[in-house]
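What follows is the residue order along each chain.
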Amino acid sequence: MNIVGLAGEYRKTSKSGMLVNLALDIAASQGSDVIFWDLSEKPLPLVGEEGCWEHPNVKEFQSLISNADAVLMCSPEYHGTMSGVMKNTLDWMYDKHIGGKVVGLMSTLGGVTNANTLNHMRIALRWLHAWPVPEQLAIGHVKEAFDDQGQLVDGDLHDRLESLVHSVIETSKKLSV
Ligand SMILES: Cc1cc2nc3c(=O)[nH]c(=O)nc-3n(C[C@H](O)[C@H](O)[C@H](O)COP(=O)(O)O)c2cc1C
């Protein structure tokens, strides 16, 4: 199974990127082939900007999503919703790339945990005919959420991350029958 990881941030030190990579590590430990699309190395242009439609990163990104079985994605919450970077990333996908594929949703927040960003990503994915699983994970007060080894401090959150990844893999297997 091929699983692609996406984070709605550019920085190498992004907490959203750390969370996606933790999720990908869990998927890899269960036998999946995983790849993280790192926007700091391969940025996607803004949809609509000059030259965007022929941008080589866009073609590579769309081909990667087309060849994936499932996607794990995390956005930081900005002003009560997903980041502009995550929205722009979703805007580069169409039904023909991600339609029918299973998605696992995560969000990170500087403040108190809520599900707004997760719900908003879920709505966008509905328009793309993708299948976000019911399990999801929002991590509030994210600055304190990781230890020095990049692991989640709260064991319950780690268990929920494992359940989310497990659900993505099992649901994807069921849909591909
Ligand atoms: C423009 C902006 C808006 C933000 N809005 C919120 C918000 O509405 N709620 C919240 O809990 N945190 C908010 N934050 C904090 C981010 O959610 C937090 O820094 C982020 O989840 C960290 O993940 P990252 O390292 O991947 O960016 C905001 C941060 C920025 C830069």
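Residues numbered from 1 in each chain as written. Predicted model: local features only at pLDDT ≥ 70, side-chain atom pairs only at ≥ 80, totals over all residues. Heavy atoms only, no water.

> Looking at this model, I keep getting lost on the site of the ligand. Mind explaining?
Within the structure, the ligand sits among 15 residues, and Arg11, Ser14, Ser16, Glu77 and Thr108 are positioned closest to it. Contact between the ligand and Ser14: an oxygen atom at 2.7 Å from a side-chain N or O atom of the residue. Within the backbone of Glu77, an N or O atom sits 2.7 Å from an oxygen atom of the ligand. Coverage of the ligand by the protein chains reaches 68% of its 640 Å² of free accessible surface. Secondary structure elements with two or more residues in the shell around the ligand: α1 (15–29) and β3 (70–78). No other element matches the three residues that β3 contributes to the shell around the ligand. Residue composition of the shell around the ligand, by class: four nonpolar, seven polar and four charged. (Near = heavy atom within 4 Å. Polar contact = N/O pair within 3.5 Å; in protein donor to acceptor, adjacent residues only side chain to side chain. Areas by Shrake-Rupley, 256 points an atom, 1.4 Å probe, with all protein chains shown as cover. Helix = DSSP H or I, 4+ residues; strand = E, 2+ residues; numbered from the N terminus. Nonpolar A, V, L, I, M, F, W, Y, C, P; charged D, E, K, R; others polar.)

> What am I meant to see in the packing of aromatic side chains here?
To describe a pair of aromatic rings, you give the distance between the ring centres and the angle between the ring planes. Enumeration over the complete set of coordinates arrives at two aromatic pairs. With a centroid separation of 5.3 Å and 70° between ring planes, the pair formed by Trp37 and Phe61 is classed as edge-to-face. In this pair, Trp37 sits in strand β2 (residues 33–37) while Phe61 sits in helix α2 (residues 56–67), placing the two residues 24 residues apart along the sequence. Note on accessibility: Trp37 and Phe61 belong to one class, buried. A centroid spacing of 5.4 Å and a plane angle of 70° characterise the contact between Trp53 and Trp92, whose relative ring orientation is edge-to-face. Note that Trp53 is positioned in the loop between β2 and α2 and Trp92 in the loop between α3 (84–91) and α4 (95–98), a separation of 39 residues in sequence. (Phe/Tyr/Trp six-rings, centres within 6.5 Å; stacked < 30°, edge-to-face > 60°. Buried < 20%, exposed > 50% of the residue type's maximum accessible area, 1.4 Å probe, protein only.)

> Just checking my understanding: could you explain the pairing of strand β5 (residues 102–108) for this structure?
Two faces belong to every sheet, and in a regular strand the side chains alternate between them. The buried count for β5 comes to seven of seven residues, which makes it a mostly enclosed element. Here β5 shows a buried face lined by Val102, Gly104, Met106 and Thr108 and a second buried face lined by Val103, Leu105 and Ser107. Here β3 runs beside β5; their pairing, made up of seven bridges, is parallel. Within the sheet, the bridge partner assigned to Ser75 lies in β5 and is Ser107. The pairing of β5 with strand β6 (residues 131–139) spans six bridges and is classified as parallel. When the sheet's bridge partners are listed, Ser107 is paired in β6 with Ala138. (Pairing = 2+ DSSP bridges.)

> Is there a simple way to explain the nonpolar core in this structure?
Across soluble globular proteins, nonpolar side chains have a tendency to be buried as a group. In terms of nonpolar packing, the biggest core is built from 29 residues, with Leu6, Met73, Leu90, Met93, Ile98 and Leu125 touching the most fellow members. Elements with a minimum of two residues in this core: β1 (2–7), α2, β3, α3, β5 and α5 (116–127). For this core, the element with the most residues is α5, which contributes four residues. Once residues lying within four places of it in the same chain are set aside, the contact partners of Met73 are Leu6, Val20, Met86, Leu90, Met93, Val103, Gly104, Leu105, Met106, Met121 and Leu125. In terms of nonpolar packing, the next biggest core, distinct from the first, is built from 27 residues, Ala27, Ile139, Leu161 and Val165 among them. (Core = buried A, V, L, I, M, F, W, Y, C linked by side-chain atoms within 4.5 Å. Contact = heavy atoms within 4.5 Å.)

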